Amino acid sequence: MMRSLLIGFAVALAMIAGAPPAGAAPGPNRIPPLLRPHFSFQGVFGRYNKAALKRGFEVFHQVCSNCHALNRVDYHSLSAVGLTKAQIKALAAERQIQAGPNAEGKMFMRPGRPSDPYIPPFPNAEAAAAVYGAAPPDLSLMAVQRKGGPDFIYSILMGFVPAPKGVSLPPNKFYNEYFPGHAISMPPPLAPGAVTYADGTKATVPQMAHDVVTFLNWAAQPHLDERKALGLRVLGFVAFLTILFYALKRQIWKNVDQRD
Amino acid sequence: MSGLKTDNRVIGWIDERLPVFSMLQNSAVEYPTPKNLNYWWNFGSLAGFMLVVMIVTGIFLAMHYVPNTKMAFGSVDHIMRDVNYGWLIRYLHMNGATMFFILVYIHIFRGLYYGSYKSPREMLWWIGIVIFVLMMATAFMGYVLPWGQMSFWGATVITNLFSAFPLVGRAIVHWLWGGFSVGDPTLNRFFALHYLLPFVILGLVFVHLWALHTVKSNNPLGIDVKSPQDTIPFHPYYTVKDLVGIGVFLLIYLAFVFFHPNLFGDPVNYIPANPMATPPHIEPEWYFLPYYAILRSFTHDIFGFTAKLQGVLAMFASILLLFFLPWLDGSRVRSARFRPIYKQVFWLLVADVVALGYLGSLPPKPATVTYMQIATAYYFFHFLVLLPLLGRFEKPRPLPTSISAAVLPAAAGSPRPMEKV
């Protein structure tokens, strides 16, 4: 059976190898392979680096949040990136949100509270599109919405290069190596020193990109640390249990004549 | 076998009035099982285990899920972020669907290899196919519920397949949608059916077991049980063997759940559904890709038969074909071990289905379409031409006289008529 199994898979491989590869559109729209820096949260033992999370939040707060929403993340959950209760309260109060109606039936504006979702910079996508030409996407799930995830965001942030000769861009578009079609509406968001880090780290572009990707991955997968820690314990337990089952099976079956 | 012997008077009292304990004794303890079943026979119990996991996790998800187009995506995100261990329950359910299909595909191919669909197990086989079809419907509707981009566009594309039928096609599609596009009525009925069908499947699993316990298990030699020496009681032999299988399976399943939970999913489905923006490449979940390739293999209208209608009919036929397998395969020998040619073409079929799955994931370019057409043609050729011909012309190797005779070399008529698995 082993031999025929091998033959079968050899045939399958041959058929697959003969087929054309996926994607890889030639021409000016070609996207180079994504940059793949190492992130602390990758791999079985990977966890969020607390300092990077905090710095990443600072990048988001000082740069990204001026245009992008983070609608699915509540202010109070930011304690996980190292903000104190007082800092969270102050942060939420930075922006106003519509509330009401009050006793007179009027809507009114009030400062944000820690229980609110991160208040977006624009009341709706249309208002954002009216300013920028295209609505900046919500970043809550950006790290899981695109092929490559964190690598995709990092590559976009690092991918602003001068347009190659002969490529003309529509007005208000910017050339980005990694963006499908290369013409992106987002101006290059990061410049050296664009962020003042509380821990004194030098704010280079790769540093900021790396940190903010860590933060955005946390925003999309806030339970990653807990998931991986629990996973190690569960798999260890199941492995031990399986060994016991197998030993028991050998013991129970030892007097049965059978060849399979 | 019948009549439970017990010293416990409570159990005896209950059993006289409702023989649950006798039933358990007969079907899960004493049930005589061929002693030569290999590990490929674990996949039935594994699929049953997975069904229970899906129902349990699904019920907990349903406690927090909102089947409304405005709130569905947000409610799933809420489960992932705020519900206690919601991320675990949802990842178990999501990856569980993938694992369920892997298990059931192996279970089906095991049946194909060892001829488990042949007399007297036709009913058993047919019930299995009905379960499989219901499972596909359930999985498809479940994928729509998170209301991501691929949920919405997948639902649109697949329900639109019914528009291929002449005259009534459009009406069928609008009836399925409950409106003029995939919307709230569609999502609501998909949720209702996604909750209902697993319980229908559960019922059919018991009918499947009923049929199995009537005709008894097939075995790797594919020959009938001749004497009590050929069998061993289900408990403790196969209960403990099934536990080993569940342990190994859990290691694989949970490794994905905890360390690569989104590997099998399309990232696009984390973008909320937007009827105004079509994703550049719509493709179904991996377990539907072979059928998707068959669907897309038909590219030319013939005498008013649109290519789409041909594709839809071929896709349905590729599954319905399995109902006729007991007659398409005319060979009296069940197990592929004693069928030298069938053993080879079986693996060719496996390779063909794997290739169809891969091709189904590719964007339709002319070269891809040609490969898909070859693979589709071979799929039907296998069942409609090869199998009937093999039944007539293949010369099987001699069968052992009994399961025990095959195991004890001294008693065997021919020296080792089988190879090791």
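Residues numbered from 1 in each chain as written. Chains lettered and ligands numbered in written order. Predicted model: local features only at pLDDT ≥ 70, side-chain atom pairs only at ≥ 80, totals over all residues.

**A few points about the overall build of chain B**
Here's step 1: A tally of helices and strands in chain B yields 16 helices and two strands.
Here's step 2: Radius of gyration (C-alpha) of chain B: 24 Å, near the 22 Å computed for a compact globule of 421 residues.
Here's step 3: Classification of the 421 residues of chain B by burial places 42% in the buried group.
Here's step 4: A separation of at least 24 residues holds for 74% of the contacts in chain B among residues at least 6 apart in sequence. (Helix = DSSP H or I, 4+ residues; strand = E, 2+ residues; numbered from the N terminus. Rg over C-alpha atoms; globule rule 2.2 N^0.38 Å. Buried ≥ 20, exposed ≤ 12 C-beta atoms within 10 Å, placed from the backbone. Contact = placed C-beta atoms within 7 Å.)

**Re the domain arrangement of chain B**
Residues and elements named next belong to chain B.
Here's step 1: According to the domain assignment, chain B consists of domain 1 (34-224 + 233-282) and domain 2 (283-411).
Here's step 2: Domain 1 and domain 2 are separated by 22 Å when their C-alpha centres are compared.
Here's step 3: Taken together, the contact between domain 1 and domain 2 spans 33 residues of the former and 27 residues of the latter.
Here's step 4: Residue assignment for the side of domain 1 that touches domain 2 shows that the elements contributing at least two residues are α5 (86-113) and α6 (122-144). (Domains from an automatic or database assignment.)

**Quick word on the packing of helix α3 (residues 43-62) of chain B against α5 of chain B**
Residue and element names in this part refer to chain B.
Here's step 1: Look at α3 against α5: their axes get within 9 Å of each other, and the N-to-C directions meet at 155°. In terms of axis orientation, α3 runs roughly antiparallel to α5. α5 is crossed by α3, and the crossing has left-handed handedness. When α3 is examined against α5, the residues F43, G44, L46, A47, M50, V53, M54, T57, G58, F60 and L61 are found in contact with a partner set consisting of I89, R90, L92, H93, G96, M99, F100, L103, V104, I106, H107 and R110. (Axes fitted to C-alpha atoms, helices over the stretch in contact; angles between N-to-C directions. Parallel < 35°, antiparallel > 145°, perpendicular 65-115°, else oblique. Left-handed = near helix turned anticlockwise from the far one by under 90°.)

**Concerning the nonpolar core**
Here's step 1: One finds F100, L103 and L359 of chain B to be the most contacted residues of the largest nonpolar core, which totals 87 residues.
Here's step 2: In terms of residue count, α5 of chain B provides more of this core than any other element does, 14 residues in total.
Here's step 3: Summarising the domain contributions, this core has at least three residues from each of domain 1 (34-224 + 233-282) and domain 2 (283-411) of chain B.
Here's step 4: Sequence-distant contacts of F100 of chain B, defined by excluding residues within four places in its chain, comprise A47, M50 and M54 of chain B.
Here's step 5: Residues C64, Y154, L216 and A219 of chain A belong to the second largest nonpolar core, which totals 45 residues. (Core = buried A, V, L, I, M, F, W, Y, C linked by C-beta atoms within 7 Å.)

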